[in-house]
Amino acid sequence: VQLQASGGGLVQPGGSLRLSCAASGSIFSIRTMGWSRQAPGKQRGLVATITTGGSTNYADSVKGRFTISRDNAKNTVYLQMNSLKPEDTAVYYCNAVGVQHFKAYDNWGQGTQVTVSS
């Protein structure tokens, strides 16, 4: 499974952005997709996940502001980010977890930069 993330950019505090992560390859093997982020000098941390059944999970810091969703027809997962804060500035990465040929995998896409600044 290969992942291509897009949608990052510069936005003012209080603004919105939507990130996209398009999956290709053995997409039928994917069980969960998610977004994580890494700010300068900090470890990468989980932002949100979504299962094939549509169950979602969010980091406390983004609950009520971010929404993860998936379009199975387009093999794409989205992260709608509203009410953005400067502390949301980070490189955002998407990942896919699944099982293929009886082996588990956790594949990551390239990051997309999100900068929240006035």
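It should be emphasised that the depicted structure is a prediction, and the values quoted were computed from it without experimental measurement.

Thresholds applied
- Residues numbered from 1 in each chain as written.
- Predicted model: local features only at pLDDT ≥ 70, side-chain atom pairs only at ≥ 80, totals over all residues.
- Heavy atoms only, no water.
- Pairing = 2+ DSSP bridges.
- Helix = DSSP H or I, 4+ residues; strand = E, 2+ residues; numbered from the N terminus.
- Phe/Tyr/Trp six-rings, centres within 6.5 Å; stacked < 30°, edge-to-face > 60°.
- Lys NZ or Arg CZ within 6 Å of the ring centre and 35° of its normal.
- Salt bridge = Lys/Arg side-chain N within 4 Å of Asp/Glu carboxyl O.
- Buried < 20%, exposed > 50% of the residue type's maximum accessible area, 1.4 Å probe, protein only.
- Axes fitted to C-alpha atoms, helices over the stretch in contact; angles between N-to-C directions.
- Disulfide = S-S within 2.5 Å.

(A) A look at the pairing of strand β10 (residues 103–108). Relative to β10, strand β9 (residues 90–100) runs antiparallel, the two sharing six bridges. Within β10, the position partnered with N95 by the bridge is W108. Connecting β9 to the antiparallel partner β10 that follows it, the hairpin turn spans two residues, and H101 within it adopts a positive phi of roughly 55 degrees.

(B) The arrangement of the packing of aromatic side chains in detail. This model, assessed by the stated rule, comprises zero aromatic pairs. One cation-aromatic arrangement involves R44 over Y93; the distance from NZ or CZ to the ring centre is 3.7 Å. Taking NZ or CZ as reference, R44 lies 4.8 Å from the ring centre of W108, over its face.

(C) Seen up close, the pattern of salt bridges. For the structure on display, the rule yields three salt bridges. A salt bridge links D88 to R37, with the shortest nitrogen-to-oxygen separation between them at 2.9 Å. In this pair, D88 is assigned in the loop between β8 (76–81) and β9 and R37 in strand β4 (residues 30–38), connecting sequence segments 51 residues apart. With relative accessibility at 1%, the residue D88 sits in the buried group. Given a relative accessible area of 15%, R37 falls into the buried group. The residue K63 makes a salt bridge to D60 at a minimum N-O spacing of 3.1 Å.

(D) Representation of the sheet that holds strand β1 (residues 2–6) in the model. Pairing is antiparallel in the open sheet, where four strands are placed in the order β1-β3-β8-β7. Of all strands in the sheet, those bounded by a partner on one side alone are β1 and β7 (66–71). Neighbour to neighbour, the strand axes of the sheet diverge by 15 degrees on average, direction disregarded. Pairing of β7 with β8 involves six bridges; the strand directions are antiparallel. Each bridged residue has a counterpart across the sheet, and for I68 the counterpart in β8 is L79.

(E) Inspection of unusual backbone geometry at higher detail. One non-glycine residue with positive phi stands out, namely S83, at about 50 degrees. Structurally, the position occupied by S83 is in the loop between β8 and β9. S83 sits in the partly exposed class, given a relative accessible area of 42%. Non-glycine residue H101 carries a positive phi angle of around 55 degrees.

(F) Here's a closer look at the state of the cysteines. By the definition in use, this model includes one disulfide. Paired through a disulfide, C21 and C94 show a sulfur-sulfur distance of 2.1 Å. On the sign convention where negative means left-handed, the S-S torsion of about 65 degrees between C21 and C94 marks this disulfide as right-handed. Of this pair, C21 sits in strand β3 (residues 17–24) while C94 sits in strand β9, and the two are 73 residues apart along the sequence.

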